[in-house]
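Okay, here's what each chain looks like letter by letter:
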Amino acid sequence: MGHTSASNFIILTGAPGSGKTAILSRLSSEFRCVDEPAREVLAEQRATGGTGTWDQDTSLFVDLLLRRSIEKYEAARKAGGTVIFDRGVPDCVVYAALAEVDPAPSLAAIDECRYAPHVLFLEPWSDIYETDEERIMSFDDTVSFS
């Protein structure tokens, strides 16, 4: 991979249910937006009967999430242009810490996958928080992402 830096890559991150996806859906007509990898991994694991979900095998989930995040970064880097990510490789460190698994692979990936110039962080917002098939944690649990 090599130390790649994307001066036009922006991460929108923060607690689950803080409005990231809603904001990105509004911006998608003007910018290339990359969907959240965690939702994709969770949906695929549930559809195939896999155990790589937060509630079954957090270590596998974090590994799959990191792989998917790197794939999305690399695809965006190859395509070029301004890209806004719904979460990114740095979020994998938070997931690893919360799952109490080794963050070293995620930390190494951060050195390889550089986002610039901005990481925008959204705070938890109880008024808009909803659970669904992929988002099963309570609002109070989302505060740990802050």
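Values in this document were obtained by computation on a predicted structure and should not be read as measured data.

Quick notes on the rules
Residues numbered from 1 in each chain as written. Predicted model: local features only at pLDDT ≥ 70, side-chain atom pairs only at ≥ 80, totals over all residues. Heavy atoms only, no water. Helix = DSSP H or I, 4+ residues; strand = E, 2+ residues; numbered from the N terminus. Contact = heavy atoms within 4.5 Å. Areas by Shrake-Rupley, 256 points an atom, 1.4 Å probe, with all protein chains shown as cover. Buried < 20%, exposed > 50% of the residue type's maximum accessible area, 1.4 Å probe, protein only. Salt bridge = Lys/Arg side-chain N within 4 Å of Asp/Glu carboxyl O.

Caption draft 1: Looking closely at the overall build of the chain. Along the backbone of the chain there are 6 helices and 4 strands. Going residue by residue from the N terminus, the α and β elements of the chain occur as β-α-β-α-α-β-α-α-β-α. At a minimum sequence separation of 6, the contacts of the chain that also span at least 24 residues come to 73%. Total accessible area on the chain is roughly 7700 Å²; 52% of this is exposed by carbon and sulfur atoms.

Caption draft 2: The arrangement of unusual backbone geometry in detail. The residue Arg87 is not glycine, and still its phi comes out positive at about 75 degrees. For Arg87, the position within the fold is in the loop between strand 3 (83-86) and helix 4 (89-99). Accessibility expressed as a relative area gives 4% for Arg87, which makes it buried. Despite not being glycine, Glu100 shows a phi value in the positive range, around 60 degrees.

Caption draft 3: Structural context of the pattern of salt bridges. In the structure shown here, the tally under the stated rule is 11 salt bridges. Two residues, Arg87 and Glu36, come together in a salt bridge whose shortest N-O distance is 2.9 Å. Of this pair, Arg87 sits in the loop between strand 3 and helix 4 while Glu36 is found in the loop between strand 2 (32-34) and helix 2 (37-48), placing the two residues 51 residues apart along the sequence. Here the two residues Arg87 and Glu36 agree in accessibility, since each one is buried. A salt bridge links Lys72 to Glu40; its shortest N-O distance comes to 2.8 Å. Of the two residues, Lys72 sits in helix 3 (residues 58-79) while Glu40 sits in helix 2, which places them 32 residues apart along the sequence. Residue class for Lys72 comes out buried when judged on its relative accessible area of 15%. For Glu40, a relative accessible area of 24% translates into the label partly exposed. Through salt bridges with shared partners, a single ionic network connects Glu40, Glu44, Arg68, Glu71 and Lys72.

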